[in-house]
Amino acid sequence: TAIAREVAPFSFGKKTGLYEKWIRTCPIVKEPGKYFTGNKWTDPFVLMKEEEAKGNRDINIATILSQDAVDAKYSGGAIVTAYKESDIIEGVKGNGDGFMLGAQEKSILPDNVLSELIETMDKIRDQYSLLGDVSIEWVFDGKEIWIVQLNQVKNTGVGNVIVSGNPTRYIEFFVEDGLEALRLKINEIEGLNIGIKLIGNVGITSHFGDVLRQSNIPSKIVHRN
């Protein structure tokens with residue numbers, strides 16, 4: 001259910017079979033990991049007021065979204081491109097909150113999860129002419145894949161590369177310093193043709209990858225042993 005500014009509340013999607021609710025903000029400009037996502041109901045009007053204060057625009061939040069919870073056996077992120085061989089799939093067992101925030105390393109996913117996820121991604125790819133490359137957040141409940149978020153992306157990367165490029169030099173950024181520190185670092189180097197080496201066992205589809213893709217900063221992940 002979407003509680004929006006400009007139109008009356010409306011609902012879409014399918015019932016998950018659970019009655020618990022997740023509630024999240026839908027900002028006008030995507031800022032991964034900055035605005036609230038929670039796994040229990042909260043007053044949407046109070047939430048809107050609190051979250052608006054985090055942004056620096058006249059209007060920062062377009063909509064509050066209430067979503068049915070999903071019984072997460074596995075969850076994670078993925079990037080769907082024009083060609084299957086260029087897709088990126090990452091995930092963990094259980095809820096993916098820690099993974100998206102860089103606090104949990106990606107896991108090896110079972111074959112049945114991968115099979116269901118690939119089939120779902122192929123269905124999204126059928127709409128490529130309309131959507132282009134997209135990132136998704138997905139959840140597997142033991143039977144099927146649920147898409148809980150989808151965003152268009154411009155930089156999809158290869159291997160450990162988040163955004164390709166040839167900067168004059170790379171600087172290191174440690175994942176444990178957090179997303180807000182990464183945003184500040186990006187502001188410091190914007191327009192200087194400096195890249196970022198993201199140090200830590202973090203996924204390309206995590207919020208750290210999202211922030212770097214959105215900022216178009218040449219970047220790559222350097223995993224710790």
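Residues numbered from 1 in each chain as written. Predicted model: local features only at pLDDT ≥ 70, side-chain atom pairs only at ≥ 80, totals over all residues. Heavy atoms only, no water.

1. Remarks on the nonpolar core
Here is step 1: If you look at the biggest cluster of nonpolar residues, it comprises 22 residues, and the most contacted ones within it are Ile162, Leu182, Ile186, Ile196, Leu198, Phe208 and Leu212.
Here is step 2: Mapped by element, the contributors of at least two residues to this core are β9 (161-163), β10 (169-174), α5 (179-189), β11 (194-199) and α6 (207-215).
Here is step 3: Here the element with the most residues in this core is α5; it accounts for four residues. (Core = buried A, V, L, I, M, F, W, Y, C linked by side-chain atoms within 4.5 Å. Buried < 20%, exposed > 50% of the residue type's maximum accessible area, 1.4 Å probe, protein only. Helix = DSSP H or I, 4+ residues; strand = E, 2+ residues; numbered from the N terminus.)

2. Considering the pattern of salt bridges
Here is step 1: All told, the structure shown has 15 salt bridges when counted by the stated rule.
Here is step 2: Linking lysine 14 and glutamate 144 is a salt bridge whose minimum nitrogen-to-oxygen distance equals 4.0 Å. Taken together, the positions of lysine 14 in the loop between β1 (2-4) and β2 (21-27) and glutamate 144 in the loop between β7 (134-140) and β8 (145-152) put the pair 130 residues apart, joining distant regions of the chain.
Here is step 3: Judged by its relative accessible area of 61%, lysine 14 is exposed.
Here is step 4: For glutamate 144, a relative accessible area of 33% gives the class partly exposed. (Salt bridge = Lys/Arg side-chain N within 4 Å of Asp/Glu carboxyl O.)

3. Comments concerning unusual backbone geometry
Here is step 1: Not every positive phi belongs to a glycine, and asparagine 193 is a case in point at roughly 55°.
Here is step 2: Mapped onto the elements of the fold, asparagine 193 is located in the loop between α5 and β11.
Here is step 3: With a phi angle near 60°, asparagine 216 is a residue other than glycine that sits in the positive phi range.

4. So, α6
Here is step 1: Along α6, seven of the nine residues are buried, which leaves the element largely enclosed by surrounding structure.
Here is step 2: His207, Phe208, Gly209, Asp210, Val211, Leu212 and Arg213 are the residues of α6 that are buried.
Here is step 3: Following α6 by one or two positions, asparagine 216 has its phi on the positive side, about 60°.

5. Regarding the sheet that holds strand β6 (residues 88-93)
Sheet strands pair by backbone hydrogen bonding; their relative direction is either parallel or antiparallel.
Here is step 1: The sheet built from four strands is open, its strands ordered β6-β5-β7-β8 with antiparallel pairing. Each having just a single partner strand, β6 and β8 make up the two edges of the open sheet. Between one strand axis and the next, the sheet turns through 15° on average, direction left out of account.
Here is step 2: Here strand β5 (residues 74-80) pairs with β6 via six bridges, running antiparallel. Within the sheet, the bridge partner assigned to alanine 78 lies in β6 and is isoleucine 89.
Here is step 3: Relative to the sheet, helix α3 (residues 111-125) contacts β5, β6, β7 and β8, its axis offset from that of β7 by approximately 140°. (Pairing = 2+ DSSP bridges. Axes fitted to C-alpha atoms, helices over the stretch in contact; angles between N-to-C directions. Contact = heavy atoms within 4.5 Å.)

6. Looking at the sheet that holds β11
Here is step 1: On the basis of which strands lie adjacent, the open sheet formed by four strands has the order β9-β12-β11-β10 and mixed pairing. With one partner strand each, in any of the chains shown, β9 and β10 form the two edges of the open sheet. Averaged over neighbouring strand pairs, the angle between their axes works out to 30° when direction is ignored.
Here is step 2: Bridge count between β9 and strand β12 (residues 219-222): two bridges; the pairing is antiparallel. Pairing of valine 161 across the sheet is with lysine 220, part of β12.

7. Considering the packing of aromatic side chains
Here is step 1: Under the counting rule described, the total for this entry stands at one aromatic pair.
Here is step 2: The lysine or arginine in question, lysine 220, covers the ring of tyrosine 170, its NZ or CZ lying 4.4 Å from the ring centre. (Phe/Tyr/Trp six-rings, centres within 6.5 Å; stacked < 30°, edge-to-face > 60°. Lys NZ or Arg CZ within 6 Å of the ring centre and 35° of its normal.)

8. Observations regarding α3
Here is step 1: Over its 15 residues, α3 extends 21 Å from the first C-alpha to the last, a length consistent with the 21 Å expected when each residue adds 1.5 Å.
Here is step 2: Looking only at α3, the buried set comprises Val113, Leu117, Thr120, Met121, Ile124 and Arg125. End-on, the buried residues of α3 take up no more than an arc of 145°, which puts them together on one face. Opposite its buried face, α3 presents the exposed residues Asp111 and Lys123, each directed more than 90 degrees away.
Here is step 3: The elements touched by buried residues of α3 are β5, β6, α4 (128-131), β7 and β8. (Expected span 1.5 Å × (residues − 1). Arc of directions from axis to C-beta.)

9. Looking at the confidence of the model for the chain
Here is step 1: Here the chain averages 92 in pLDDT, while 100% of its residues score no lower than 70.
Here is step 2: Per-element confidence in the chain is highest for α3, whose mean pLDDT is 97, and lowest for helix α2 (residues 97-100), whose mean pLDDT is 87. (pLDDT = per-residue confidence, 0-100.)

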